[in-house]
Amino acid sequence: MIKKILVALMLLPTLVYAQINTERVMMIARNALYFEDYVLSIQYFNQVINAKPYLYEPYFFRGLAKINLDDFQGAEADCDKAIERNPFVVGAYQIRGLARIRQNKYDGAIEDYQKALFYAPENVTLWHNLTLCHIQKKDYKAAEEDLDKLLAISPKYTRAYLMRGEVALKQQDTIRALNDFNTAIELDKYDPDAWSSRAIVQLQQSKYAEAESDFNQAIRLSARNAGNYINRALARFHQNNLRGAMSDYDLALDIDPNNFIGHYNRGLLRAQVGDDNRAIEDFNFVLEIEPDNMMATFNRGLLRAQTGDYRGAIKDYTTVIEQYPNFLAGYYQRAEARKKIGDRKGAEADDFKIMKMQLDRQNGVSNKDMAQNNKDDRGENEDEEDEGKTRKKSDKNMNNYRKIVIADDSEQERQYKSDYRGRVQDRNVNIKPEPMFALTYYEKMSDVKRSVNYHTYIDELNQAGIFPKRLRLTNMEAPLTEEQVKFHFALIDAHTSAIVEDEKSAAKRFARALDFYLVQDFTSSVDDLTQAVLLDDTFFPAYFMRALVRCKQLEYQKAEEATSAKQGIDSSHKEIGAVDYDAVIADLNRVIALAPDFVYAYYNRANVSAMLKDYRSALVDYDKAIELNHDFADAYYNRGLTHIFLGNNKQGITDLSKAGELGIVSAYNIIKRFTDQME
């Protein structure tokens, strides 16, 4: 009953905030933050701040939540308040620095990182972000000094070599850049950015075959990076592999449908191979993005003429000529199109203009004299195209309209270049299993549609209309929006009233337990789930969810312990061991006894076994899960990882291949890594 009163207090006005158990609310808030439920965590931090505004922690953690919601101004303000209350917290400077970076306040960010480094001089993340700030400000000397210190602390830190290579490139030192990129590849051959960085230098050196080979490696390691396909297309184009280049543009546009360079260049290549109608589609798209792009307009005009749309072509040519009145090719093409539609007078006018321009050239009239009334005399009336097959995107020389576009130097973005560290979701890219399944109302949208998770009994519960929303079986839980948070707090009150009226209903206890779970109050959720199974010991969903909630409690406690140990702080929690998971496994055993066809209980029990490094038991349960559901992608994925942990790479890769086929795209990256180890 005390816990129920606590929840009611949480919902009362500010006047009674001081009465709340701030330690407990703070724990729930940090729990929500850990599980990336940022909106909900802010609600709880607000309560603590209203009750005890002199504490620095709620401001700091609320700032952390805000930065994950891209509220950079709010995050900076909260870190200001945290630092006012405790100026010795390194994390507050780190998060404020990141918030300032996102607002282009690089000087302020540099001050924050330097202050943080005063307290934590060996913090790699701080040196990393400080270096990137100096690169952004073009202070390459300071960046190199930062990197020297960073590499002295962590000589095998791959990203430092990539950044140092970037600094060398900015100073036109390709030899030094290549040396650093080579070192990065030697240190970590599974880092796609290392391969793509070296490939870009090789492109600049016209080593197209070598560049293509390196982009191949980068793409195998990171298949969803559109930039790598765009750049590999360029390497292939220079080797006259037009079909291969077009294939790469297709792949890039599947990933990034709004990519300007992808559409423009694919349009050019389609025109070269006679695929005129689809080339027009690409230039139409480019012109939707940039209606004033005259080169795209002119190319579309050529294609319209090619397909017999002479009036459309004339319209495009005229648009270009109005912008560039001395563009000779424009008049020539418009004259030809006008002849096709019988506009003899218009064609003669264009022919006369061409003849006059040619006479002016023969008489030595300069381009500047001819272009005084033009907006850009650089590219309006040059006799010859610039050398080479490519042009920068910013190039306005109309005579280069046939050339493949490459990004301007200012737009050359590599992933590491904007890879500022410090956000909660910037976890280490470790190999980790797919998560456990839950019964909940909300599910994240997935780019790749997987099979619907279903069980007859859960469907019957939904049909009975016992719950306020449809129950879903998912391991892709979605964080709550602000409206959903309010909705479930209100439901807790409603369910409390319903329980008072019917104390014997296991389903009503279970419904309230789900609300507590969704607002991250795991202790109250476990209490209600325990009451549910006491009321009905055959109601297996309650055992299933109690196992999950207890497991999450243990996961959070372990994370807290690890953080405390890292910071040299004595943890008040006892160390979590295998025995703490006995209750979790007991609940899942009960689920399986009550519902032997409930595949998700076997899967979750396998995950717990794998977490405890009992891989043999995990394999038995994954086998059973796959036996019950032959299309269970997550079980194949996790079983594949388990085989690999046991050294059975071949069996593991077979399972990962099946998982990839069923929609878990990350399986392919792991297959690549472990296939290399087998070679």
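Residues numbered from 1 in each chain as written. Predicted model: local features only at pLDDT ≥ 70, side-chain atom pairs only at ≥ 80, totals over all residues. Heavy atoms only, no water.

Undergrad: Please set out the overall build of the protein residue by residue, giving values where relevant.
TA: Scanning the protein from N- to C-terminus turns up 33 helices and four strands. When burial is assessed residue by residue, the protein has 52% of its 679 residues classed as buried. Sequence-distant contacts in the protein: of pairs separated by 6 or more residues, those separated by 24 or more amount to 57%. (Helix = DSSP H or I, 4+ residues; strand = E, 2+ residues; numbered from the N terminus. Buried < 20%, exposed > 50% of the residue type's maximum accessible area, 1.4 Å probe, protein only. Contact = heavy atoms within 4.5 Å.)

Undergrad: How would you sum up a nonpolar patch on the surface? Please name residues and give values.
TA: A cluster of nonpolar side chains, F352, M355 and L359, forms an exposed patch at the surface whose accessible area comes to about 310 Å². One can find F352 in helix α21 (residues 344-362). (Patch = residues over 30% accessible without salt bridge, like charges linked within 9 Å, V, L, I, M, F, W, Y side chains within 5 Å. Areas by Shrake-Rupley, 256 points an atom, 1.4 Å probe, with all protein chains shown as cover. Salt bridge = Lys/Arg side-chain N within 4 Å of Asp/Glu carboxyl O.)

Undergrad: I'd love a proper account of the packing of helix α25 (residues 506-518) against helix α26 (residues 522-535), names of residues and values included.
TA: Running from N to C, α25 and α26 cross one another at 165°; their axes reach a closest spacing of 8 Å. As judged from the angle between their axes, α25 and α26 are roughly antiparallel. Here α25 and α26 pass one another in a crossing that is left-handed. When α25 is examined against α26, the residues A506, R509, F510, R512, A513, F516 and Y517 are found in contact with a partner set consisting of F522, S524, S525, D528, L529, Q531, A532 and L535. Of the residues belonging to the contact of α25 with α26, the class tally is nine nonpolar, three polar and three charged. (Axes fitted to C-alpha atoms, helices over the stretch in contact; angles between N-to-C directions. Parallel < 35°, antiparallel > 145°, perpendicular 65-115°, else oblique. Left-handed = near helix turned anticlockwise from the far one by under 90°. Nonpolar A, V, L, I, M, F, W, Y, C, P; charged D, E, K, R; others polar.)

Undergrad: An account of the nonpolar core is requested, with residue identities and associated values reported.
TA: For soluble globular proteins, nonpolar side chains are generally found buried alongside one another. By size, the foremost hydrophobic cluster in this structure holds 146 residues, and its most contacted members are L471, F510, F544, M545 and F598. Top contributing element to this core by residue count: helix α27 (residues 540-566), with 10 residues. For F544, the contacting residues outside a window of four places in its chain are F437, A438, L439, L473, L588, V591, F598, Y600, A601 and N604. A235, F283, V286 and L303 belong to the second largest nonpolar core, which has 46 residues in total. (Core = buried A, V, L, I, M, F, W, Y, C linked by side-chain atoms within 4.5 Å.)

Undergrad: Quick rundown of the packing of helix α11 (residues 174-187) against helix α12 (residues 192-204)? Include the residues and the values.
TA: For any two helices packed against each other, the geometry comes down to the angle between their axes and how far apart the axes lie. Closest axis-to-axis distance for the α11/α12 pair is 9 Å, and the angle between their directions is 150°. Here α11 lies roughly antiparallel to α12, going by the angle between them. Like other packed secondary-structure pairs, α11 and α12 cross with a definite hand, here left-handed. Counting all contacts with α11, which are made through T174, L178, F181, N182, A184 and I185, the residues of α12 involved are A194, W195, S197, R198, V201 and Q204.

Undergrad: I'd like a description of the environment of K508, backed by residues and values.
TA: Take K508: it is sitting in helix α25. Separated by 13 residues in the primary sequence, K508 and H495 have C-alpha atoms spaced 6.7 Å apart. For K508, the residues in contact, after removing those within four places along its chain, are A498, I499 and D502.

Undergrad: Any details on unusual backbone geometry? Residues and values, ideally.
TA: A positive phi angle, close to 65°, is found at D70, a residue other than glycine. Inspection of the secondary structure assignment puts D70 in the loop between α4 (57-68) and α5 (72-85). Phi at K138 is positive, roughly 60°, even though this residue is not glycine. With respect to the element layout, K138 can be found in the loop between α8 (124-136) and α9 (140-153). Residue classification places K138 among the exposed residues on the basis of a relative accessible area of 60%.

Undergrad: Explain the packing of aromatic side chains residue by residue, including any values.
TA: Per the counting criterion, the structure on display carries 31 aromatic pairs. For the ring pair F298 and F327, a centre distance of 5.0 Å and an interplane angle of 75° mean the geometry is edge-to-face. Of the two residues, F298 sits in helix α18 (residues 294-306) while F327 sits in the loop between α19 (310-323) and α20 (328-340), which places them 29 residues apart along the sequence. Residue F298 is classed as buried on the basis of its relative accessible area, which comes to 0%. Seen from their ring centres, Y603 and Y622 are 6.1 Å apart, and the 65° between their planes marks the pair as edge-to-face. Within this pair, whereas Y603 is found in helix α29 (residues 599-611), its partner Y622 is found in helix α30 (residues 615-628), the two being separated by 19 residues in sequence. We note that Y603, like Y622, is buried. These aromatic residues form a ring-pair network of at least three members: F437, Y457, F467, F510, F539, F540, F544, F598, Y600, Y603, Y622 and F632. (Phe/Tyr/Trp six-rings, centres within 6.5 Å; stacked < 30°, edge-to-face > 60°.)

Undergrad: How would you summarise helix α24 (residues 482-501) if you had to cite specific residues and measurements?
TA: The end-to-end C-alpha distance of α24 is 29 Å, a good match for the 28 Å that 20 residues give at a rise of 1.5 Å each. When α24 is considered as a whole, its buried residues turn out to be V485, H488, F489, L491, I492, H495, A498 and I499. (Expected span 1.5 Å × (residues − 1).)

Undergrad: I'd like a rundown of helix α32 (residues 649-661), residues and numbers included.
TA: With 13 residues, α32 extends 18 Å between its outermost C-alpha atoms, agreeing within 8% with the 18 Å of an ideal straight helix rising 1.5 Å per residue. Just downstream of α32, G663 is the residue with a positive phi angle, here 120°.

Undergrad: How would you summarise the pattern of salt bridges if you had to cite specific residues and measurements?
TA: A complete count under the given rule lists 46 salt bridges for this structure. When salt bridges that share partners are traced, they join E76, D80, R96, R100, K105 and D112 into one network.

Undergrad: Can you lay out the environment of V579 for me, pointing to particular residues and giving the numbers?
TA: The residue V579 is located in the loop between α27 and α28 (582-594) in this model. Sequence spacing of V579 and L612 is 33 residues, and the spatial spacing of their C-alpha atoms is 10.0 Å.

Undergrad: Summarise the environment of I110; cite the residues concerned and give the values.
TA: One can find I110 in helix α7 (residues 106-119). Given the relative accessible area of 9%, I110 is considered buried. Along the primary structure I110 and C133 are separated by 23 residues, whereas in three dimensions their C-alpha atoms are 6.6 Å apart. Here I110 is in contact with L130, C133, H134 and K137, once residues within four sequence places are set aside.

Undergrad: A description of the confidence of the model for the protein should follow, citing residues and the corresponding values.
TA: Mean pLDDT over the protein stands at 87; residues scoring 70 or higher make up 87%. With pLDDT under 50 throughout, residues 1-18 is counted as low confidence; its partners more than four residues away or in other chains account for 28 contacts. Confidence drops under a pLDDT of 50 for residues 367-384, and excluding neighbours within four residues, the segment shows 36 contacts in the predicted structure. (pLDDT = per-residue confidence, 0-100.)

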